[in-house]
Amino acid sequence: MRVPLRWLEAMVPLPEDVEALAHRLTLAGLEVTDIERTGGDWDRVVVGRVLEVRPHPDADRLRLVTVDKGGEHQTVVCGASNVAAGQDIAFAPEGAMLTDPRTGTPRKLKKSRIRGVVSGGMVCSEAELGLSAEHEGILVLDTSRPPGTPLHDVLGDRVYVFDLTPNRADALCVLGVAREVSALTGAPLTPPEISTPRPGPAIEGRASVEIADPDLCRRFTLALIEDVEIAPSPAWMQERLTAAGMRPINNLVDITNYVMLELGQPVHAFDYDTVRDGHIIVRRAAPGETLTTLDGKTRQLDPDRLVIADPGGAIALAGVMGGLETEITDSTRNVLLEVANFEPAGVRRTARAFDLLSDAARRFAWGLPPEMPQVASARVCRLLAEYAGGRVAAGMVDSWPMREPGVTIRLRRSRIPQVLGMEIPPPAVRAALDGLGFEVEEADGTLTVGVPYWRRDVRVPDDLVEEVARIAGYDDLPAAPLAGAIPHHPPLPARELRERVRDLAAEAALYEVQTYSLLSDADLRAVTPAELRDAPLLKVRNPLGEARDTLRTSLRPGILRAAARNVARGARTVRLFEVGRSYHPASDSADGRPEEREAAVGLVVGVRLDRYGSPTEAGLDFFDAKATLEHVLAGLRVNPDFRPAAAFGLLEGRTAEVSVAGSAVGVLGQVHPETAAVFGVGQDAFLWELDLSALLEAAPGMTEPPAAVPLPRHPSAIEDFALLVGPDVLAQNLVREALGHPLVVEARVFDDYLLEDSDAPGEGEGARRSLGISVRYQARNRTLNENDIAKVRRTILKRFKANHGAVVRERA
Amino acid sequence: MKGRSGGTSAVLSALLLVRRPACFPSAFVTVSNPDSLLAPEEVAHAIAALRGLSEERDVDAWRTQHLGRKSRLMGSLRALGGLDRSRRAAVGRHLNEAKAQLGEALADKQAELKARRTQDLASLDVSLPGRPLPLGGLHPITRTERAVVAAFATMGFHVIEGPEVELEYYNFEALRIPADHPARDAMDTFYLDGPDGAAPLLLRTHTSPNQIRYMERHEPPIRLIAPGRTYRNEATDATHEWMITQTEVLAVDRGLTLAHLKGTLYEFARHLFGEDREIRFRCDYFPFVEPGVEVSISSPDGWIEILGAGMVHPEILANMGYDPEIYTGFAAGLGVERIAMLRHGIRDIRRFYENDLRFLRQF
């Protein structure tokens, strides 16, 4: 909202420093986001007095004008015919910035010689000052300020631009801001004059109203103004409207807009002669009813919409926009003035449905007081009588079916420090409330406060506490440290796990990404197996676009796109992870909400770097990805199993299911090139996914502090085995087998290769792989001797052979 | 690639290597005649021989020969006990002198060899880069969220989390924002498609539903912080994202005031932005608090708005079953992106979700 300061000043005296006032208003809750200047800066342009006008010696149409520019006289050449001695004019000296009347762009005024006479300045037209296109004559000022006064002190205005909060419908007008200024500065408030003579014949019998739906229309008034003459509105009104951001049209339209900006109450003028029988019905629209609004569009209505109708049908969309049929035109003579109060939610709904959030609709939607229509109606009548020659009919039609009583709030004084944590001196409390128009009585430490009708946001005692605090200001509020018992902190294992995974993945040299929770459904389908593609997805009804219309069920699309983007920007090695939620429709949820599961995903793409960090020919592979996953899981102290598996979007033979304690918790594998291509990844990509919710279920103790194990006191022995195994044997199973023996404390793979024929003559087909397993023997209670170790070795080797067909390689 | 096991003896069968505990008892003792004393010339000769050596293994052999367990000298020393008491002292002194001389010469030689070994090392270009270790890192939003949580944790606030897909009740109605309330204009909402008649689901527009969800199930005192993603259906520019990470702060107890809110936020600001920070409140409006304030912190560039806050509206406390005459509370909601932008001097909020490694590596 824009409030021109000259307009504001007409209701309340303003302090010299309007920036400081803007700051105070902002602190008090009426945020001034900008202070604009209308017109130009008019730097160096001053008020000048024309002392003498003489003819130019060499040109008939030019004159030499001597100007008092504030103690100094200057003679300039002027071509305007309306210049005359004694006038106050806008004088621009050499070097001033003016508007070029031909191009409309700024231009610096230079000294010039016109037909042999040097001209050191200019007497300005409106066009040169950027005020209008008027360039015929000079602008003659109407001012009492002396020559030399900067022009912007005389002409133009400053405008507060407000960004108001929707509880303050009362402040959406010049009067509201003036009240606030008065409360903050103590300066007296002068509200506009609203009394109006009503000399015309009575309205009774000539106009009437019927409110059919009082739940949507709380009050409706009609006034009749006859014999108006459509003409331009007075210059001062046009200036104020323009400064406030409205285009002047004619006196009638301008006056209705002016009163809305002045008092905050929207009003609507009908051409009385087009309203059938002068009878207004305020009702819900009938199904299928239509209305052509002022903007020329025909609107389909339904019973959710409140309309203003006459016996022939709808003539306006209540509170939102008038109808074309009853519009004020140049030939309008008689005006039927509607000033009403509508239920805010209904207006907001209608305005949003038709995308017509006009100034009027916004004011209704924020909630206006039903007391206001009578005041605004009188004000419009007064101005129409004064500036449009109208004759106001005696009386008004006023239907106010549900009158609310005034609101009184009882506020204990002690509540103020109870809420604020500081005392506000009683005189300051009174001054703040009085200044804002509250009626205050005090007895026994309790204030009984009558709320002015325009403050519909003040309803409970704490609202008054805020009123007092915001006027007194929060600057003296102390910063008190918290005291008292610290509440119990229940553990949050899901969060602990997630944050731990983040740390571990970052340690594993992955960079964390955060990608959007909303994706395109095409992206999600690209990572969803065909048989699940028909499952319902969580779609947004009103998305920002197709690319962001579905809640993600997988973190895969996001990380693949992030990788592709980085590769496209030149990254040679891309190692990423994300930890976040995925969202899944849940048919069994009590409140209909989907299930939100925690997931983690890691991805490596690109090439390995050499000793100097330069990219090499070697690509990152499956085991680079696996290393990062293993690091995460080892850091969580869980022991995963990796088994060959098929998973959609991953390459068969290069995919593992990851399980913990027998439960599947994730996958690891090479991204199928077709899937990778969908997301713009052209290289081999390897990823893992962990379902953190499942992981937490499988290993609930994970986030507990681990119990320490005493260090072994007896020496251990290490033995390496070279085993000949079948191609399908999983190395992990042999390791597990060895670890199954109580005296084996560690077992790990140290080598794996396929045998050449020359390595293993005579060994059968299908057993052409050599696997090295290193085993550490140790007992907790004694030192193992040769015999102990031999016994363990025999047992393990027997199990290797029996359970896995693995035998120790004979020497060739 | 060949395995370590490639050339292993089959005799040892599976046993490729057993690292035995080392504890072999000495098997035999050499008995020497202590009378065969080392002549001083012999000692000098041995020392001269040592000085001529330049290989480490030759020096080791010399040591075995002259000072080893089986050397004449050591054998003689062991045999001392068998001598007459009258001779024992003189012979012993003589032998120990010889041992000291030999030992000293050996130490000199060893020091000489060691010094030469170090000198032989080629010098390095110490300015060459080290072997690179790959680096990873946390997203700036994660880092900032943790910093926020940690700051409040010092004041006894603990983390809770809630759903991102919410019911209108928790996101709006319970927070005093009924249908068609104009406050909804500032919170353009994503709604999910759903069956007709079912309660509409939406993506939460703020973390404030956590207040209600927690208060429904707990009694005061409460001090919580609830971080998480929130969503607004609005166009994106350098300062607006449609998905942002918010953090809700809520405290409810006897005797809490707006001054406690200020004190808490003051501590928070000092944690995140350093000492010498000031907090300024200005009146603002959020339907679920009364009074409501916009909070700014001081900075060298002036006041910077960082969050909205206020005292929990007494109606909400009453709805939760708390007596608002006894209990008061404060709440705040802060944008993690905004804090991160201020901490790191990030100018464009859209950087966070582009996930460009050149950006991510900076944190």
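Along each chain, numbering runs from 1 in the same order as the chain's sequence is written. Working convention: letters from A go to chains and numbers from 1 go to ligands, in the order in which they are written. Selection of residues for local features in this predicted model requires a pLDDT of at least 70, selection of side-chain atom pairs for listing and counting requires 80 or more, and totals for whole chains, interfaces and linings are taken over all residues. Side-chain measures here rest on the full set of heavy atoms in the structure, leaving out hydrogens and waters.

(A) Molecular detail of the pairing of strand 4 (residues 222-231) of chain B. Residues and elements named next belong to chain B. In terms of burial, strand 4 is largely enclosed, as 10 of its 10 residues are buried. Here strand 1 (residues 158-159) runs beside strand 4; their pairing, made up of 2 bridges, is parallel. For Val 159, the partnering residue across the bridge sits in strand 4 and is Ile 225. Relative accessibility under 20% of the residue-type maximum defines a buried residue, over 50% an exposed one, and the middle range a partly exposed one, all with a 1.4 Å probe and only protein chains included. Strands here mean DSSP runs of E at least two residues long; helices mean DSSP runs of H or I at least four residues long; both are numbered from the N terminus. Whether two strands pair comes down to DSSP finding at least two bridges between them.

(B) Molecular detail of the side chain of A:Glu737. Residue and element names in this part refer to chain A. Inspection of the secondary structure puts Glu 737 in helix 18 (residues 731-739). Under this rule, positive means Lys or Arg and negative means Asp or Glu; His and the chain ends count for nothing. Take a side-chain nitrogen of Lys or Arg and a carboxyl oxygen of Asp or Glu: if they are within 4 Å of each other, that pair is a salt bridge. Despite being buried, Glu 737 has no salt bridge partner; Arg 799 is the closest side chain of opposite charge, sitting 4.6 Å away. Between two residues, a contact is recorded if the distance between any of their heavy atoms is within 4.5 Å. Every residue in contact with Glu 737, bar those within four places of it in the chain, is listed here: Arg 799, Phe 800, Asn 803 and His 804.

(C) Representation of the interface of chain B and chain A within the structure. Contact residues are listed per partner, giving 109 residues for chain B and 111 residues for chain A. Summed over both partners, the accessible area (1.4 Å probe) lost when two parts come together is defined as the buried area. Regarding the contact of chain B and chain A, the summed buried area is about 9500 Å², with carbon and sulfur atoms giving 53% of it. Applying the counting rule to chain B against chain A returns 15 salt bridges. Between N or O atoms, a polar contact is any pair within 3.5 Å; within protein, one atom must be a potential hydrogen donor and the other a potential acceptor, and residues adjacent in sequence are included only when both atoms are from side chains. There are 50 residue pairs in polar contact (both at pLDDT 80 or more) connecting chain B and chain A. Of all the elements, helix 8 (residues 258-273) of chain B adds the most residues to the side of chain B that touches chain A, at 7 residues. Of the residues in the side of chain B that touches chain A, the class split is 54 nonpolar, 24 polar and 31 charged. Three classes are used: nonpolar for Ala, Val, Leu, Ile, Met, Phe, Trp, Tyr, Cys and Pro, charged for Asp, Glu, Lys and Arg, and polar for all others, with Gly counted as polar.

(D) Region of the structure containing the packing of aromatic side chains. Planes of paired rings set the category: under 30 degrees apart is stacked, over 60 is edge-to-face and the rest tilted, where pairs are Phe, Tyr or Trp rings (Trp by its six-membered ring) whose centres lie within 6.5 Å. Counted under the stated rule, the structure contains 20 aromatic pairs over all chains. Ring geometry for A:Tyr474 and B:Phe281: centres 6.2 Å apart, planes at 70°, overall edge-to-face. Pair noted here: A:Tyr474 is in the loop between helix 11 (461-472) and helix 12 (493-507) and B:Phe281 is in strand 6 (residues 279-284), and the two residues belong to different chains. With a relative accessible area of 3%, A:Tyr474 lands in the buried category. Aromatic side chains B:Phe152 and B:Phe157 sit 5.5 Å apart centroid to centroid with 75° between the ring planes, which places their arrangement in the edge-to-face category. Look at B:Phe157 and you get buried, because its relative accessible area is 2%. In textbook terms, an aromatic cluster arises when at least three aromatic residues are bridged by ring pairs, as seen for A:Tyr516, B:Phe190, B:Tyr231, B:Trp242 and B:Tyr353. Taking NZ or CZ as reference, A:Lys626 lies 4.0 Å from the ring centre of A:Phe642, over its face. Seen from the ring of B:Tyr170, B:Arg213 lies directly overhead, with NZ or CZ sitting 3.9 Å from the centre. By definition here, charges over rings are those cases where NZ of Lys or CZ of Arg is within 6 Å of the ring centre and within 35 degrees of the ring normal.

(E) Broad picture of the packing of helix 8 of chain B against helix 10 (residues 336-344) of chain B. Residues and elements named next belong to chain B. Here helix 8 crosses helix 10 at 45°, and the two axes come no closer than 11 Å. Here helix 8 lies oblique to helix 10, going by the angle between them. Along its contact with helix 8, which presents Phe 268, Leu 272 and Phe 273, the element helix 10 presents Ile 339, Leu 342 and Arg 343. Partitioned by chemical class, the residues of the contact of helix 8 with helix 10 number 5 nonpolar, no polar and 1 charged. Axes here mean lines fitted to C-alpha atoms, for a helix over just the part in contact, with angles spanning 0 to 180 degrees between N-to-C directions. Angle categories are assigned with fixed cut-offs, so that under 35 degrees is roughly parallel, over 145 is roughly antiparallel, 65 to 115 is roughly perpendicular, and the rest are oblique.

(F) View of helix 1 (residues 40-51) of chain B. All names here are of chain B. Under the convention used throughout, the expected extent of a helix is 1.5 Å for every residue step, that is, one less than its residue count. In this model helix 1 runs 17 Å from its N-terminal to its C-terminal C-alpha over 12 residues, within 8% of the 16 Å that 1.5 Å per residue would give. All buried positions along helix 1 are accounted for by Val 43, Ala 46, Ile 47 and Leu 50. Projected down its long axis, helix 1 shows its buried positions confined to an angular sector of 95°, all on one face. Pointing more than 90 degrees away from the buried face of helix 1 are the exposed residues Glu 41, His 45 and Arg 51. Where helix 1 is buried, its residues contact helix 2 (56-67) and helix 4 (85-120). For this quantity, the arc is that covered by the directions from the helix axis to the C-beta atoms.

(G) Spotlight on the pattern of salt bridges. The tally for this structure, following the rule as stated, stands at 75 salt bridges over all chains. A:Arg168 is the salt-bridge partner of A:Glu180, the closest N and O atoms lying 2.9 Å from each other. Pair noted here: A:Glu180 is in helix 3 (residues 174-185) and A:Arg168 is in the loop between strand 13 (158-163) and helix 3, with a separation of 12 residues, a long-range link. The class for A:Arg168 is buried, based on a relative accessible area of 4%. With a closest N to O distance of 2.5 Å, A:Arg608 and A:Asp624 form a salt bridge. With A:Arg608 in strand 33 (residues 595-609) and A:Asp624 in helix 15 (residues 622-635), this pair connects stretches of sequence that are 16 residues apart. For A:Asp624, a relative accessible area of 17% gives the class buried. When salt bridges with common partners are traced through the structure, they connect A:Arg495, A:Arg498, A:Glu499, A:Arg502, A:Asp503, A:Glu512, A:Glu598, B:Glu145, B:Arg146 and B:Glu161 into a single cluster.

(H) Representation of the pairing of strand 28 (residues 446-450) of chain A in the model. Residue and element names in this part refer to chain A. Of all 5 residues in strand 28, 4 are buried, a share of seventy percent or more. As defined by bridge partners, strand 26 (residues 408-412) adjoins strand 28 across 5 bridges and the pair is classed as antiparallel. Directly across from Arg 412, in strand 28, lies its bridge partner Thr 446. Note that strand 27 (residues 439-443) and strand 28 share 5 bridges and pair antiparallel. If you follow Glu 441 over to strand 28, its bridge partner there is Thr 448. Two successive antiparallel strands, strand 27 and strand 28, enclose a turn made up of 2 residues, where Asp 444 displays a positive phi of approximately 55°.

(I) Spotlight on the packing of helix 4 (residues 235-243) of chain A against helix 5 (residues 251-263) of chain A. Residues and elements named next belong to chain A. The geometry of helix 4 relative to helix 5 is characterised by a closest axis approach of 11 Å and an angle of 55° between their N-to-C directions. Taken together, the axis directions place helix 4 and helix 5 in an arrangement best described as oblique. With respect to the hand of their crossing, helix 4 and helix 5 are arranged in left-handed fashion. Residues Trp 236, Met 237, Gln 238, Arg 240 and Leu 241 of helix 4 form the contact with helix 5, whose participating residues are Asp 254, Ile 255, Asn 257, Tyr 258 and Leu 261. Counted by class, the contact of helix 4 with helix 5 contains 6 nonpolar, 2 polar and 2 charged residues. By convention, the crossing between two helices is left-handed when the near helix turns anticlockwise from the far helix through less than a right angle, and right-handed when the turn is clockwise.

(J) Region of the structure containing the sheet that holds strand 21 (residues 313-317) of chain A. All names here are of chain A. Sheet architecture is open: 5 strands sit in the order 14-17-20-21-22, paired in mixed fashion. The sheet is open, and its two edges are formed by strand 14 (208-211) and strand 22 (321-322), each paired on a single side. Sheet topology note: the strand 21/strand 22 ladder contains 2 bridges and is antiparallel. Each residue of the ladder has a partner; that of Ala 316, found in strand 22, is Gly 322.

(K) How the structure looks around helix 8 (residues 372-387) of chain A. Residues and elements named next belong to chain A. Helix length check: helix 8 (16 residues) gives 22 Å between terminal C-alpha atoms against 22 Å at 1.5 Å per residue, within 8%. Within helix 8, the full set of buried residues consists of Met 372, Pro 373, Ala 376, Ser 377, Ala 378, Arg 379, Val 380, Cys 381, Leu 383 and Leu 384. Residues of helix 8 that are buried sit in contact with strand 15 (217-226), helix 4, helix 5, strand 23 (335-342) and strand 24 (391-392). Where helix 8 terminates, the next one or two residues include Gly 389, which has phi positive at roughly 65°.

(L) Examining unusual backbone geometry more closely. All names here are of chain B. Put simply, Pro 220 and Pro 221 share a cis peptide bond, and its omega is 0°. Take Pro 221: it is sitting in the loop between helix 7 (209-217) and strand 4. For the bond running from Glu 290 to Pro 291, omega is -5°, close enough to zero to count as cis. Within the secondary structure, Pro 291 is located in strand 7 (residues 289-299).

(M) Molecular detail of the nonpolar core. In these notes, a set of buried Ala, Val, Leu, Ile, Met, Phe, Trp, Tyr and Cys residues joined through side-chain atoms within 4.5 Å is what counts as a nonpolar core. Counting 160 residues, the largest nonpolar core has A:Leu8, A:Phe220, A:Ile280, A:Phe342 and B:Phe268 as the members making the most contacts within it. The element that contributes the greatest number of residues to this core is helix 8 of chain B, accounting for 8 residues. Apart from the residues lying within four places of it in its own chain, the contact partners of A:Phe220 are A:Val209, A:Ile211, A:Ile280, A:Val282, A:Ile308, A:Glu338, A:Val339, A:Ala340, A:Phe342, A:Val397, A:Asp398 and A:Ser399. The next biggest cluster of nonpolar side chains, apart from the first, holds 79 residues, and it includes A:Ala676, B:Trp242, B:Ile346 and B:Leu357.

(N) How the structure looks around the sheet that holds strand 41 (residues 769-777) of chain A. Residues and elements named next belong to chain A. One open sheet accounts for 4 strands, arranged 40-41-39-42; its pairing is antiparallel. With partners counted over all chains shown, the strands left at the sheet margins are strand 40 (744-754) and strand 42 (807-808), one partner each. Looking at chain direction, strand 40 and strand 41 are connected through 9 bridges and run antiparallel. Residue Glu 746 lies in a different strand from strand 41, and its bridge partner there is Arg 776.

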